[in-house]
Structures are given as C-alpha cells and as structure tokens.
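Each chain, written out:
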Amino acid sequence: MKKLKLFLLLVPCIFLFVGCYILNQPVIQRGSEESLSDFTYVYVVPTGDKTGNAGVVYTLGYGIYASSPDKSVNPGDLIAGYLMKRGYVRLYALDSQLKESTLIVSYGEVGTRPVGLAAYTTAVTIQIVSGKTNRMVCSVTAEGIGDTEADDIRQAISRALEAVWGQ
C-alpha cells in the first residue's frame, strides 16, 4: 500500500516537472496585392550559423562525465533550401534585371517564451519583400521548441514556411 501511495504521488510530480507545452499558431500578415506565385527568383539575406548545445551529465564507473553535443543551423540556408524545393531559383546577389520577379527574404529572431520549468520556445519572423516595389508581400512569425536553440530555430522556420506555402 505504501508503494502505491508513493507511485500515485510521483506520477503527478513527473507531469509537473516535465510539463506540457502548446506552440502558438504561426501569424501571417499580408502586405501588398502581389502574390507569391508571381515570382520566380528568391534572394535570401545571408545569415550566420546559430549554435546550441544540450549539456548532459552522466556517471560511468567511478567518475562523473559531462557531454555537450553542439548542433548548429544556418537560418538563411534552411529558408533557401525550402524555397528551392518549392521551385524558386536562388540568387546569390540581387540582380537589377531580375528585380521584377525576385522575392527578397529576410529572417529575424523575435524572442523566447517560457513554457515549463526549464523549457522555452524561440520565435522567428520571416519577411518576404517584392524586389520590384520594395513592399512587403507577406510576413510570418512562428515559434519552435527542441533540445537546443538550433532545434528551436529549425522548427520555427519550418512552421513559418509551411504556414505560408502549406504542405
């Protein structure tokens, strides 16, 4: 009976410490009257790598060991890869002759939101601008959560792009 009481006490505690989280839905803002399908080329503003690590401490034999596997992601490359898969041609520099049919895509981090005892989400915004008019075609903000900050960003970017282009 004592073990059953202990078990019934531990189960809710596990859920409190692990926690459940719900990611906010991506928010899309439409800008100009132009459609994303009107464009053929895409220029993604270059970004640097984002690196995150998930530190792990474990015991093995007579010692305590720590491990910190690094994960990194380049948001610009992730966005460019998604758009190339969608059929857009990536430009590595803005070309004035192709500006009529070029989208300019930029990325920024919005911030974090705590969702549990030691967990947080990272939100990103992706802005898509017409190369012809320099007006915003659309902007999307989404958040992600993973083991590292790099995982958060990868998931947030994927969720943002899927919200705009669908599956």
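Just so it is clear, the structure is predicted and the values come from calculations on it, not from any experiment.

**Some remarks on the environment of Tyr88**
The residue Tyr88 is located in the loop between helix 2 (75–85) and strand 7 (89–91) in this model. Residues Tyr88 and Tyr43 lie 45 residues apart in sequence; the distance between their C-alpha atoms is 9.6 Å. Not counting residues within four places of it along the chain, the set of residues in contact with Tyr88 comprises Leu36, Ser37, Phe39, Thr40, Tyr41, Val42, Leu83, Leu103 and Trp165. Among the polar contacts listed, one links the side chain of Tyr88 to the backbone oxygen of Leu36, at a separation of 2.9 Å.

**Side note on the packing of aromatic side chains**
One pass over the full model with this rule turns up two aromatic pairs. With centroids separated by 6.0 Å and ring planes inclined at 80 degrees, the aromatic side chains of Tyr88 and Trp165 adopt a geometry described as edge-to-face. Taken together, the positions of Tyr88 in the loop between helix 2 and strand 7 and Trp165 in helix 3 (residues 149–165) put the pair 77 residues apart, joining distant regions of the chain. For Tyr88, a relative accessible area of 10% puts it in the buried group. Ring pairing ties together the aromatic residues Tyr82, Tyr88 and Trp165, which thus form one cluster.

**Let's talk about the environment of Gly146**
By the element assignment, Gly146 lies in the loop between strand 10 (136–144) and helix 3. Take Gly146: its relative accessible area is 36%, and that puts it in the partly exposed class. When the C-alpha positions of Gly146 and Tyr120 are compared, they lie 8.8 Å apart, and in sequence the two are 26 residues distant. Other than its neighbours up to four places away in sequence, Gly146 contacts Asp151 and Asp152.

Calculation criteria
- Starting afresh in each chain, residues are numbered from 1 along the sequence in its written order.
- For a predicted model such as this one, the threshold for reporting local features is a pLDDT of at least 70, and the threshold for listing and counting side-chain atom pairs is 80 or more; totals across whole chains, interfaces and linings nevertheless cover every residue.
- To obtain the side-chain values, all non-hydrogen atoms of the structure were used and water was disregarded.
- In DSSP terms, a helix is any run of H or I states spanning at least four residues, a strand is any run of E spanning at least two, and both are numbered starting from the N terminus.
- Contacts: residue pairs with any heavy atoms within 4.5 Å of one another.
- Polar contacts here mean pairs of N or O atoms no more than 3.5 Å apart (in protein, one a potential hydrogen donor and the other a potential acceptor; neighbouring residues in sequence count only if both atoms are side-chain atoms).
- Two rings from Phe, Tyr or Trp (for Trp, the six-membered ring) form a pair when their centres are within 6.5 Å of each other. A pair whose planes differ by under 30 degrees is stacked, one over 60 is edge-to-face, and the rest are tilted.
- Any residue under 20% of the maximum accessible area for its type is buried, any over 50% is exposed, and the rest in between are partly exposed; the area is computed with a 1.4 Å probe on protein chains only.

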